[in-house]
Every structure is written in C-alpha cells, then in structure tokens.
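Fold and contact review
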Amino acid sequence: MPSSMHFWRDPALTFLEGRRATGSLSCYAPHTHPTFSIGIVDAGRSVFTLAASSMPIAPGDVVLVRAGDVHCCNPEDLQSWSYRMFHLDLPWLEALLSESPATAGLARAMRSQVIRSEQAVRLLDRMTVALDGRAGDKEAEVITCLHELMLLCAEAAGSVAQAHSYEDQPGDAGLRRAYDYLQAHCRQTVAIDTLAQVAGTGRYQLIRQFRRRYGLTPHALQLDMKINQARALLQQGASATDAAYDTGFADQSHFHRVFKSRVAATPLQYRKA
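Counting of residues starts from 1 at the beginning of each chain's written sequence and follows it residue by residue. Local features in this predicted model are restricted to residues whose pLDDT is 70 or higher, and side-chain atom pairs enter the listing and the counts only when it is 80 or higher, whereas totals over whole chains, interfaces and linings include all residues. For the side-chain quantities, the full set of heavy atoms in the structure was used; hydrogens and water were omitted.

Brief notes about empty space enclosed by the protein
With a 1 Å grid laid over protein atoms only, a set of points is called a cavity when a 1.4 Å probe fits there but cannot get out and a pocket when it is open yet has protein on both sides within 12 Å along at least five of seven lines; lining residues have an atom within 4 Å of a point. Grid points are joined across faces, edges and corners, and a volume is the space filled by probe spheres set on the points. The tally for this structure, following the rule as stated, stands at two cavities of 30 Å³ or more. The computed volume of the largest cavity comes to approximately 200 Å³. Along the walls of the largest cavity sit 19 residues, with Y28, C73, W81, Y83 and M85 positioned nearest its centre. Every helix listed is a DSSP run of H or I at least four residues long, and every strand listed is a run of E at least two residues long, numbered separately from the N terminus. Residue assignment for the lining of the largest cavity shows that the elements contributing at least two residues are β3 (36-43), β7 (71-75) and β8 (81-88). The element best represented in the lining of the largest cavity is β8, accounting for five residues.

Here it is in structure tokens:
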C-alpha cells in the first residue's frame, strides 16, 4: 500500500484539524495535544499506549484522547497501517457540549479510551465526507457528528475496556504550579532547580512526580509544549525557521527531529498542508 498523508484544515472550521494517513510506517514519541483528539483505525494494526498501559487496536477501533494525556500510537510489528485523526479545540468543544445537559462537562470528564462501535465508525465516516467537501452544510454536519459521537462514547464508557489515565491526587497543587510555570516559560531554558522550588519539593521527587502524573520528565514535557506551540505558528503561516526560533530551538536540525517524532511529518510538510 503506497504511503500518503492528507491534512484537513478549513478557515471556516478553525476549531478542527484532521489528518488521514494511509500505509503509514511512522512511529510517534510519547506526546500530548492541547486539543481533544479522536482517532479511528482504517487498516492494519497498531498499539495505543497511554501512560504505562498499552493495548492493541485494529480496524474499526475508535480512540479518544483527553487533552493533556501523554500517549502514542505506533504500528504493530513495524507493519504499515492507516488511520484518521481529528483534533478539536477544547474551549470550542466544551462550549458545544455545554449546550446540552446530557453532554455538559464531558470534554474534560471523559477518560482517554478505546471503543468499538459501528455507529461511531459511521459518524466519523460522515464527518470525513463533510470535511472532504462533499456535504452541503459542512459545519452543521461536523457539529452533528461530533455531538452524537460524544453521546455515544459517554454511554459506552461504562461497558468497554478503558485505557486508564492518571487522575489528580490530593497534594498535587505544587506539581500543578510547576506544570503551569513550565507551560508559561516553555520557550526559555527552565532549570530543574527552578521547577522544584515552584513545586515546593526536591528535584528527584519532582522528576518522579512528573513521570507519574504526565508520563514524561520535565524536559521531555517542555519539548512537547514547544512543539504544540510550533504547530500553531506553522498553521498561521510562519516559516519552519521562524517557528523554531520563536519556540526556543536554537538548532534547526534539532527542531526538525523533535517535530517529526511527535507529528509524524516534517515542519514543511505540516505547514504546506
């Protein structure tokens, strides 16, 4: 199967970015999205990893990833696979779901999970047709499909095997302060000493807590934050050079390598999409 990649970006649908990968062999490093993300396997097999747990996924499986959850999906046995991925702006999705009592608060409350549902597949197929421009009212169709899909997933959550995400624990306020500080200063060099002081803990404890809560060390999480910001800049038309500089990468080759490991596309491919 020849490998190909297609991105959906529409100026009229600024709340959504989609991707269709066919015959992909690309592997992802553990990463996060600031968006609520929905994926579907179209062909081949993959392994979905969330924090310390992994599970195989196959054609027809629908994956939901809560914003901020560290995860990755990689082809099983290095064989090619095909998938679609939809990234939804979190404030937009929260506003949409708040319009109905049945779905209010669902965007943040729902755990990252895998579901198998023919109805979910049909909804994502309908949304794909709309994004490809073959529907009369694209925005209305996307909103309808997303709302019905979230309702379906909420109902399925109690009866399917779920990939468990980490929930905040009492006493994590210091860790959250360190995370927020890292997010605010991620384009700069942030020392472990500084983060430990912000969190009010020792450096060793801080690293352990970051791995336990976010699945990454502070440095790896900072790289992830920078790449998410670089994606936004590239979507706005910035050059790869400017995106690298603006997010604090002094070395273009380092930026290119880190970006591709988390996006499975080069900065230029992503920008051209």
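A look at the packing of helix α5 (residues 173-184) against helix α6 (residues 192-199)
Geometry is summarised by axes, namely lines fitted to C-alpha atoms with helices restricted to the contacting stretch, and by angles between N-to-C directions that run from 0 to 180 degrees. Packing of α5 against α6 brings their axes to within 7 Å, and their N-to-C directions diverge by 135 degrees. Comparing the axis directions of α5 and α6 gives the class oblique. α6 is crossed by α5, and the crossing has right-handed handedness. Side by side, α5 and α6 meet where G174, L175, R177, A178, Y181 and L182 of the first sit next to T194, L195, V198 and A199 of the second. Grouping the constituent residues of the contact of α5 with α6 by class yields seven nonpolar, two polar and one charged. Note on terminology: angles under 35 degrees are roughly parallel, angles over 145 are roughly antiparallel, angles of 65 to 115 are roughly perpendicular, and the others are oblique. It is the rotation of the near helix from the far one that decides the hand of a crossing: anticlockwise by less than a right angle makes it left-handed, clockwise makes it right-handed. We call two residues contacting when some pair of their heavy atoms lies within 4.5 Å. Three residue categories are used. Nonpolar comprises Ala, Val, Leu, Ile, Met, Phe, Trp, Tyr, Cys and Pro, charged comprises Asp, Glu, Lys and Arg, and polar comprises the others, including Gly.

A look at the pairing of strand β6 (residues 61-65)
With respect to burial, β6 is a largely interior element, five of its five residues being buried. Per-residue accessibility, obtained with a 1.4 Å probe over protein chains only, is compared with the maximum for each type, and a residue is labelled buried under 20%, exposed over 50%, and partly exposed between these values. Burial along β6 is two-sided: D61, V63 and V65 facing one way and V62 and L64 facing the other are all buried. In this structure, β3 lies alongside β6, joined through four bridges in antiparallel fashion. Paired with I40 across the strands is V62, a residue of β6. DSSP bridges decide pairing: two strands pair if at least two such bridges lie between them. Sheet topology note: the β6/strand β9 (residues 113-116) ladder contains four bridges and is antiparallel. The residue bridging L64 from the neighbouring strand is Q113, located in β9.

As for the environment of T189
As for its position among the elements, T189 is in the loop between α5 and α6. Measuring from C-alpha to C-alpha, the distance between T189 and Q222 comes to 9.4 Å, with 33 residues separating the pair along the chain.

A short note on helix α3 (residues 118-131)
In a helix, the anticipated span is given by 1.5 Å times the number of residues less one. With 14 residues, α3 extends 20 Å from end C-alpha to end C-alpha; this agrees with the ideal 20 Å at 1.5 Å per step. For α3, every residue scored as buried is listed here: A120, V121, L123, L124, M127, T128, A130 and L131. Counting of polar contacts relies on pairs of N or O atoms within 3.5 Å, with two restrictions inside protein: one atom must be capable of donating a hydrogen and the other of accepting it, and residues adjacent in sequence are counted only when both atoms are side-chain atoms. Capping the start of α3, S117 holds a side-chain oxygen 3.3 Å from the backbone nitrogen of Q119, two or three residues further along. Phi turns positive one or two residues past the end of α3, at G133, with a value near 85 degrees.

Section: the sheet that holds strand β4 (residues 46-50)
One open sheet holds the three strands; their spatial order is β5-β4-β7, and the pairing between them is antiparallel. With one partner strand each, in any of the chains shown, β5 (53-57) and β7 form the two edges of the open sheet. On average, adjacent strands in this sheet sit at an angle of 20 degrees to one another, irrespective of strand direction. Note that β4 and β7 share five bridges and pair antiparallel.

Points about the pattern of salt bridges
A pair is scored as a salt bridge if a Lys or Arg side-chain nitrogen falls within 4 Å of a carboxyl oxygen belonging to Asp or Glu. Evaluation of the coordinates by the stated rule reveals 14 salt bridges. The partner of D69 in a salt bridge is R66, and the shortest N-O contact between them spans 3.7 Å. Here D69 falls in the buried class, since its relative accessible area comes to 7%. Relative accessible area serves as the criterion here: at 11%, R66 is assigned to the buried category. The structure contains a network of salt bridges with shared partners spanning R9, E17 and R231.

Considering the packing of aromatic side chains
Working definition: a ring pair exists when centres of Phe, Tyr or Trp rings (six-membered ring for Trp) sit within 6.5 Å. Plane angles under 30 degrees give stacked, over 60 give edge-to-face, the rest tilted. All told, the structure shown has nine aromatic pairs when counted by the stated rule. Every member of this aromatic cluster is reached through a ring pair, and the members are F7, F249, F255, F259 and Y270. As a reminder, the over-ring test applies to NZ of lysine and CZ of arginine, requiring each to be within 6 Å of the ring centre and within 35 degrees of the ring normal. Over the ring of F7 we find R9, and its NZ or CZ is 5.3 Å from the ring centre. Between the NZ or CZ atom of R9 and the centre of the ring of Y270, over which it lies, the distance is 4.2 Å.

These values are about where atoms sit, not about what they do.
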